[in-house]
Structures are given as structure tokens and as C-alpha cells.
Amino acid sequence: MASRSRAGIAARSYEEHGVEGITALSRAVGIPPEDNPLIPIFRRMVQPWGSRAIGERPLRWSDASNDGTPYEYSVAFGARLPEMRFMVEAQGEAPDLCSNQHAGRALSERLGRELGVPLDRARRIEDLFLPGEPRGIFAVWHAVAWKPGSTPAFKVYYNLLSQGPEASAQLLEEALTRLGLASSYRAYYRDAPGRGPELDQPIYFSLDLASGPEARVKVYRRHRGATAADVEAACAAAPSHRPGDGAALCRIAAGGDGPFEKKPPITCLSFVEGEIAPSAVTVHFPICAYADDDSVAYDRIRALLVSHGLLTAHYESMLRAFASRPLAAGNGLQSYASLRRYRGAPRVTVYLGPEAYSPVVARVAQA
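Residues numbered from 1 in each chain as written. Predicted model: local features only at pLDDT ≥ 70, side-chain atom pairs only at ≥ 80, totals over all residues. Heavy atoms only, no water.

### What to know about the overall build of the protein chain
Working step 1: The secondary structure content of the protein chain amounts to 10 helices and 10 strands.
Working step 2: Over its C-alpha trace the protein chain gives a radius of gyration of 19 Å, about what one expects of a compact globule, namely 21 Å for 367 residues.
Working step 3: Over its C-alpha atoms, taken along the principal directions, the protein chain stretches across nearly 55 × 45 × 40 Å.
Working step 4: The buried share of the protein chain, reckoned over its 367 residues, is 59%.
Working step 5: Pairs at least 24 residues apart make up 70% of the contacts formed inside the protein chain by residues separated by at least 6 positions. (Helix = DSSP H or I, 4+ residues; strand = E, 2+ residues; numbered from the N terminus. Rg over C-alpha atoms; globule rule 2.2 N^0.38 Å. Buried < 20%, exposed > 50% of the residue type's maximum accessible area, 1.4 Å probe, protein only. Contact = heavy atoms within 4.5 Å.)

Next up, the structure:
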């Protein structure tokens, strides 16, 4: 499986290593790298810090990936060609959260100025999530997705714990209100049944950096100590949810019903302006925390694809091209597996760690 050597990786730059990963994924799904717009976009988004040498360990741990690398890849599998993505945590001059916050804000502005990415909605809310003294594990993440025949789509993620857990509900209410979704907050968060915000904790808030009626707002919740039944219940709010999807994903990915104590599963509700009900729900399961190694995760993800009638060939070729080590040598290469339905059709996404540092045992994120 190892087609990418790890030799001398500490001396390489973040940009070089990141481009190598995107190139491997691109070739695996039959797209010549020179035809993949994600590669020049990645190079642009990791400047100026992308020229830094990776080193033996991260100067500051990034929760964008399992091993602290400040970027992560993912590939979504559905009925058509796979959609390729990456996510980046902009790195500041100093290895601290405040510096990264400034770098993240600057990256947003640069994307707007240089690539014409719409920032209107982000500017309405970013002051909520970028305080003078930020808290939490990250400040801003940026993501880009692309599938053949389309233009790249951009997204920004903010931290709902940036002012501490005690302020997260207020931040969520204010952000949704500013974006015209106050009724959604009341119906699906303030007054919603469930286990309460301490167990079903809102943690991320993301926006499609786009204009138009289909531009989404997404709210991610971490489900501490949840069972497959708890995850299923958290999915039920979305009209697009097919009963049983959430629980089945957990059972296949974890090999059981839980409770999932090692690392919590996450659900995400998507909203569009003018509609109260969520347009979709996504379940993200931290498969690396419940599989002994990546060979076990591989078997479970194949089973997940098959269970939804999706072909496995692209996934198999992708992992062969991407893996830089035997799958049994660690369990951090495949961090999450997720499931979402779009217009009734299932889409399974696999999140891939760049392993710039080492194969890892899954790290439980701390707020």
C-alpha cells in the first residue's frame, strides 16, 4: 500500500507534503494533477507558513488532523465521481491561538480579494468567534471542495467554544439570528428535546462562502458518551433523515452500539436562509478511535459503502495511493467516516490524516 515514502519528511515543507497528498488522491480517482484546481488553491492557502519545515513535532498542536498537522484531506463517495476536499488551519507567526486567529482572518480576506470568494455572511458573524482573548482548540478553519465538472466551493469553520463553553449557547443564538435563522435556533437548539448541551455540545459553526439560496449554515454537535440510539435520535430533526441511518453508521464504524467513550461522534445540521427546518443531517463517526488499526477501518468503511449500494473501487484505489505505510501500522490515517443524504441519495465521506508526524492513536479533542 505504501506509495509515498516517509523518509526525510521532517525536512520537507508543509506545502510540499500537502501537495503530495492531494496529488496522490487525484491520480487515484483518475484526475491528472495538472487538471486539479485544488493543488494551486492549496499552495495559495498555506502561504506564507507553508514553506516552513515540518520538523519532528508540531510547534503547536492543530486539531485539524489526528497527528497535529494543520491540514486534513477528505473524499466523498456517491453515485458519481468522488468529491475531493481539504481543510486548513492557517498558522500565524507565533505558535499560539491568538496568532492563528489573525492568520485565519487574513486568509479569509485574501480569498475574497484574490479569488472572489463571497465573504458577506462571514463578515456578519466573525466578530462573535474571533474575540480579543480566544479560547478553545482552534480559531478558524478553511475548507475547499471540488468535483470534476464543477468549480471549487469554499467554506469557513468557527469555534463555538472560542469564548468558553459557558458562552457557546449565546454565540450560537446570536450567529443564527444574524443570519436570519432565529426560528431555527429556538426550534432545534433552545427548545429541542435531547440530553442537554453538556452531553450534546455545540462545538463548530460553519458557513458556505457562497451567495444564493442554497448557501448553507452548519452547526456541529459533539455527543459525549452517546450510544448508537442517541446518535440516531440526534438525526431525527432533519426531514431528509432516513430512520436507522445514524445508528447503522455507528454500528458499522465502531463494531457495536456504544456507548462511545473514547472519542465522541458528531452530528451536523445544515440550514439555509428562509427555512426553519434543517435541510440535511450528517453523522461524523471517529472511526480511528474504535478500530485497532487502519486495516480494520478499511474493512468497516468498505462495508459501509456496500450497505448503501455504493461502489468501493474508488475508495480502494484512493487508499492504496494515499497510504504511506502498511495499514496495520497505525490507526490515524482514516480519522472519520461520515454519512449524509442529498435528495435521498447517500454520500459517504472518508477523512484522511496527512500523518506528517507519525501514525497515531486517535487523540480525543479537548475543548
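### Topic: the confidence of the model for the protein chain
Working step 1: Overall, the predicted model of the protein chain reaches an average pLDDT of 92, with 95% of residues at or above 70.
Working step 2: Throughout residues 361–367 the model reports pLDDT below 50, and contacts reaching past four residues in sequence, or to other chains, amount to 19 contacts. (pLDDT = per-residue confidence, 0-100.)

### A word on the packing of aromatic side chains
Working step 1: Throughout the structure, instances matching the rule amount to 23 aromatic pairs.
Working step 2: When the ring of Phe 42 is compared with that of Phe 86, the centres are 5.2 Å apart and the planes differ by 85 degrees; the resulting orientation is edge-to-face. Remark: Phe 86 occurs in strand β2 (residues 83–88) and Phe 42 occurs in helix α2 (residues 38–45); sequence separation between them is 44 residues.
Working step 3: In this structure Phe 42 comes out as buried when scored by relative accessible area, which is 0%.
Working step 4: Plain terms: the ring middles of Tyr 73 and Phe 322 are 5.3 Å apart, the flat faces sit at 80 degrees to each other, and that makes the pair edge-to-face. Separated by 249 residues along the polypeptide, Tyr 73 in strand β1 (residues 71–77) and Phe 322 in helix α10 (residues 313–322) bring together distant segments of the chain. The residues Tyr 73 and Phe 322 share a single accessibility class, namely buried.
Working step 5: Feature note: the residues Tyr 14, Phe 42, Trp 49, Tyr 71, Tyr 73, Phe 86 and Phe 322 constitute an aromatic cluster, connected by ring pairs. (Phe/Tyr/Trp six-rings, centres within 6.5 Å; stacked < 30°, edge-to-face > 60°.)

### Focus: the sheet that holds strand β8 (residues 280–285)
Working step 1: In space, the 10 strands of this closed barrel follow the order β1-β2-β3-β4-β5-β6-β7-β8-β9-β10, with antiparallel pairing throughout. With strand direction ignored, the average angle separating the axes of adjacent strands in the sheet is 20 degrees.
Working step 2: Where strand β9 (residues 334–342) meets strand β10 (residues 345–352), 8 bridges bridge the pair, whose relative direction is antiparallel. Residue pairing in the sheet places Arg 340 in a bridge with Arg 347 of β10. (Pairing = 2+ DSSP bridges. Axes fitted to C-alpha atoms, helices over the stretch in contact; angles between N-to-C directions.)

### Here we look at the nonpolar core
Working step 1: Phe 86 and Phe 205 are the most contacted members of the largest nonpolar core, which has 98 residues in total.
Working step 2: Membership of the second largest hydrophobic core comes to 15 residues, among which are Tyr 157, Leu 161, Tyr 220 and Tyr 336. (Core = buried A, V, L, I, M, F, W, Y, C linked by side-chain atoms within 4.5 Å.)

### Comments concerning helix α4 (residues 120–129)
Working step 1: Those residues of α4 lying buried are Arg 121, Ala 122, Ile 125, Glu 126, Leu 128 and Phe 129. Buried residues of α4, seen end-on, are gathered within an arc of 145 degrees and therefore sit on one face of the element.
Working step 2: On its buried side, α4 packs onto α3 (97–115), β4 (153–159), α5 (168–178), β5 (200–208) and β6 (216–223). (Arc of directions from axis to C-beta.)

### Some thoughts on the packing of helix α7 (residues 228–235) against helix α8 (residues 245–254)
Working step 1: Look at α7 against α8: their axes get within 7 Å of each other, and the N-to-C directions meet at 145 degrees. You can see that α7 and α8 cross each other, and the crossing is right-handed. Contact residues: α7 offers Ala 228, Val 231, Glu 232 and Cys 235, while α8 offers Asp 245, Gly 246, Ala 247, Cys 250 and Arg 251.
Working step 2: Looking at the contact of α7 with α8 residue by residue, the classes come out as 5 nonpolar, 1 polar and 3 charged. (Left-handed = near helix turned anticlockwise from the far one by under 90°. Nonpolar A, V, L, I, M, F, W, Y, C, P; charged D, E, K, R; others polar.)

### Notes on the side chain of Ser 108
Working step 1: Here Ser 108 is to be found in helix α3.
Working step 2: Apart from the residues within four sequence positions on either side, Ser 108 is in contact with Leu 119, His 142 and Val 156.

### Quick look at the pairing of β8
Working step 1: The element β8 is largely enclosed, with a buried count of 6 among its 6 residues.
Working step 2: By the alternation rule, side chains of β8 split into Ala 280, Thr 282 and His 284 and Val 281, Val 283 and Phe 285, which are all buried.
Working step 3: Both strand β7 (residues 266–272) and β8 contribute to a ladder of 5 bridges, which runs antiparallel. What sits directly across from Leu 269, in β8, is Val 281.
Working step 4: When β8 meets β9, the two strands line up antiparallel, connected through 4 bridges. Bridged to Val 283 within β9 is Leu 339.

### Regarding the side chain of Asn 36
Working step 1: Structurally, Asn 36 is set in the loop between α1 (14–28) and α2.
Working step 2: You can call Asn 36 buried: its relative accessible area is 1%.

### Remarks on the state of the cysteines
Working step 1: By the definition in use, this model includes 0 disulfides.
Working step 2: Cysteine Cys 268 remains unbridged, with the sulfur of Cys 235 as its closest cysteine sulfur at 10 Å.
Working step 3: Note on Cys 268: relative accessible area 0%, which makes it buried. (Disulfide = S-S within 2.5 Å.)

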